[in-house]
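Descriptive structure summary
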Amino acid sequence: MHIIAGLWTYLLPFLVVLTILIFVHEFGHYLIARRCGVKVEVFSFGFGPELFGYTDVAGTRWKCCAIPLGGYVKMFGDADAASTPDERVTEMSAEEKAVSFYHKRVGQRIAIVAAGPLANYLFAVVVLALLFMTSGQPFVPAVIGKIQPGSAAEAAGFVIGDAVTAIDGVAVERFEQLQQIVRAAPGRTLAMTVKRNGRLVVLSATPRDSTTSGLFGLVRFSFGVLGVGAHSAPVIGSVVGLDEKGAGLTAGDTILSVDGTVVESFDQVMQIVRRSPGQALQITVERGGRKIELQATPEAVRVNDRNGSTQTVGRLSIGRAIAYRQYDPFSAVLRAVDETVSISRETLAAIGQMMVGARGTEEFGGPLRIAEMSGDVARNGLVSLIWFIAMLSINLGLINLFPIPLLDGGHLMFYGIEAIRGRPLSERAQEYGFRIGLALVLTLMVFATWNDLVHLRVVEFVMGLFF
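Here goes a summary of the coordinates provided. (Residues numbered from 1 in each chain as written. Predicted model: local features only at pLDDT ≥ 70, side-chain atom pairs only at ≥ 80, totals over all residues. Heavy atoms only, no water.)

A separate point is the nonpolar core. Counting residues in hydrophobic clusters, the biggest one holds 24 residues, and the most contacted among them are Met 75, Phe 101 and Ile 112. For this core, the secondary-structure elements that each account for two or more residues are helix H1 (2-35), strand E1 (40-55), strand E2 (61-75), helix H3 (106-134) and helix H10 (408-421). Among the elements that make up this core, the one with the highest residue count is H1 (5 residues). Apart from residues no more than four positions distant in its own chain, Ile 112 is found in contact with His 29, Ile 32, Ala 33, Cys 36, Val 38, Met 75 and Phe 101. (Core = buried A, V, L, I, M, F, W, Y, C linked by side-chain atoms within 4.5 Å. Buried < 20%, exposed > 50% of the residue type's maximum accessible area, 1.4 Å probe, protein only. Helix = DSSP H or I, 4+ residues; strand = E, 2+ residues; numbered from the N terminus. Contact = heavy atoms within 4.5 Å.)

Attention shifts here to helix H5 (residues 175-183). Where H5 is concerned, the buried positions are Phe 175, Leu 178 and Val 182. What you see down the axis of H5 is that its buried residues fit within an arc of 55°, all on one side. (Arc of directions from axis to C-beta.)

Its location among the elements puts Asp 408 in helix H10. In this structure the side chain of Asp 408 is engaged in a polar contact, spanning 3.0 Å, whose partner is the side chain of His 25. Beyond its immediate stretch of four places on either side in the chain, Asp 408 contacts His 25, His 29, Val 113, Pro 117 and Asn 400. (Polar contact = N/O pair within 3.5 Å; in protein donor to acceptor, adjacent residues only side chain to side chain.)

Our next topic: the environment of Arg 379. For Arg 379, the position within the fold is in the loop between helix H8 (367-378) and helix H9 (382-400). Distance in space between the C-alpha atoms of Arg 379 and Ser 238 is 9.6 Å, their sequence separation being 141 residues.

Turning our attention to the pattern of salt bridges. Using the criterion set out here, one finds 11 salt bridges in the structure. Glu 50 is the partner of Arg 61 in a salt bridge, and the nearest nitrogen-oxygen pair spans 2.6 Å. A residue pair is termed long-range when its members are at least 10 positions apart, and Arg 61 in strand E2 and Glu 50 in strand E1 qualify at 11 residues. Between Glu 173 and Arg 325 there is a salt bridge, with the nearest N and O atoms lying 3.6 Å from each other. (Salt bridge = Lys/Arg side-chain N within 4 Å of Asp/Glu carboxyl O.)

Our focus in this paragraph is the packing of aromatic side chains. Evaluated as defined, the whole model comprises 12 aromatic pairs. Summarising the aromatic geometry, the rings of Phe 47 and Tyr 72 are spaced 5.7 Å apart at their centres and angled 15° between planes, so their arrangement reads as stacked. In this pair, Phe 47 sits in strand E1 while Tyr 72 sits in strand E2, placing the two residues 25 residues apart along the sequence. Residue Phe 47 is classed as partly exposed on the basis of its relative accessible area, which comes to 31%. Aromatic rings pair up to connect Phe 23, Phe 27, Tyr 30, Phe 43, Phe 45 and Trp 62 into one cluster. Positioned above the aromatic ring of Tyr 415, the side-chain terminus of Arg 109 is 5.2 Å from the ring centre. The positively charged end of Arg 325 is found above the aromatic ring belonging to Phe 139, 3.9 Å away from the centroid. (Phe/Tyr/Trp six-rings, centres within 6.5 Å; stacked < 30°, edge-to-face > 60°. Lys NZ or Arg CZ within 6 Å of the ring centre and 35° of its normal.)

Take the sheet that holds strand E5 (residues 163-167) next. The strand order E6-E5-E7-E8 describes an open sheet built from 4 strands, whose pairing is antiparallel. Each edge of the open sheet is held by one strand with a lone partner, namely strand E6 (170-171) and strand E8 (199-205). Pairing of E5 with E6, which is carried by 2 bridges, proceeds in the antiparallel orientation. Paired with Ala 166 across the strands is Ala 171, a residue of E6. (Pairing = 2+ DSSP bridges.)

The end-to-end C-alpha separation of H10 is 20 Å, in line with the 20 Å expected for 14 residues at 1.5 Å each. Looking one or two residues past H10, Gly 422 carries a phi angle of roughly 85°, positive in sign. (Expected span 1.5 Å × (residues − 1).)

As structure tokens, this is what we get:
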């Protein structure tokens, strides 16, 4: 029964997520290829032996295969799923060349290859815009909920409850906007307008220059730190993963106190939980206008801090309640584009920091991590799952644009060189490039899978069998 429940909880959402992402990406290739007059021989969900499929009137074989970890579109002239040119490319008849991918103009080939990642981005923008119009965009007001002692915010005179309305004349609504501006201004004095007790006050704050280094100290990253946190009421937004007995906590509960300590913010709750691993906590909540006494025991988990040391902390799988703001169609599209660009920028920054050693690589996950996250997110509801799919679509589009042979970005790099030179690279150069690309992709897959196994404690379990 546990196996069946696990399949339903994790495998089904994972397959749904993966199928949608594969279809969007490959359909982008397919649609533009057909527009350019290229014959598409196969549209495949997955790899390996075919499980079922059908052939449409245009001669395309639509099929599902046994290994559902990706997909591909095989065009006329391709020898395999990796788009390796067929040996017959140079011997095709005029009719065959007319529908062959490799005999199209370089601009058309670039458009066909770029269509996959662009479809992922367009899909994400459309999905996010629809969410922002219906459910709304997560909105964290730029209200100060905590101030670190000795921080730049304390020196500037901030107090709890200040609502930041503008920075250097730029209007600010969301706490994320405040963070972005501050991170980009280390050591620079900012004029910050805050609303305090109904009146506007202008404070001069100079974010502290926080620097991290990597690659043996040769590469340095500098960003501003103000030392503030957003205010969040102690309201539970989601409950995931509590034990079978259940603590009785439900979404919508307002936490009044934990072990006799009155709490005013969700961060206070989390601080108490973190320092109480394995200890039963008495929690008083308000639900439907009445007080309820409950008991919950935070799970003891081991985490690594910034210094690389390991410590045990408590974790109670509850999420804070998040406010949402709805927008009209035009504003929703603008917000969706802005969110897509922001996520892409943050992902690129994170990958760059991992590459130079300024950030841990444990965040880099593969299919097992995606399956786990798909199941967890699906339990939070359809809206959360749709949001998760949009985030993955952005990352899939971005990663596929990396200039690595085998990926779309590698093909675009080769075609870009061909457009500049007026002729393609030699077959040997392309062959070496694809070999290097294959090695890189396989290495990343192995590394991501290893991270997944460590994250899911499979490695720890196996080691415990022998040592």
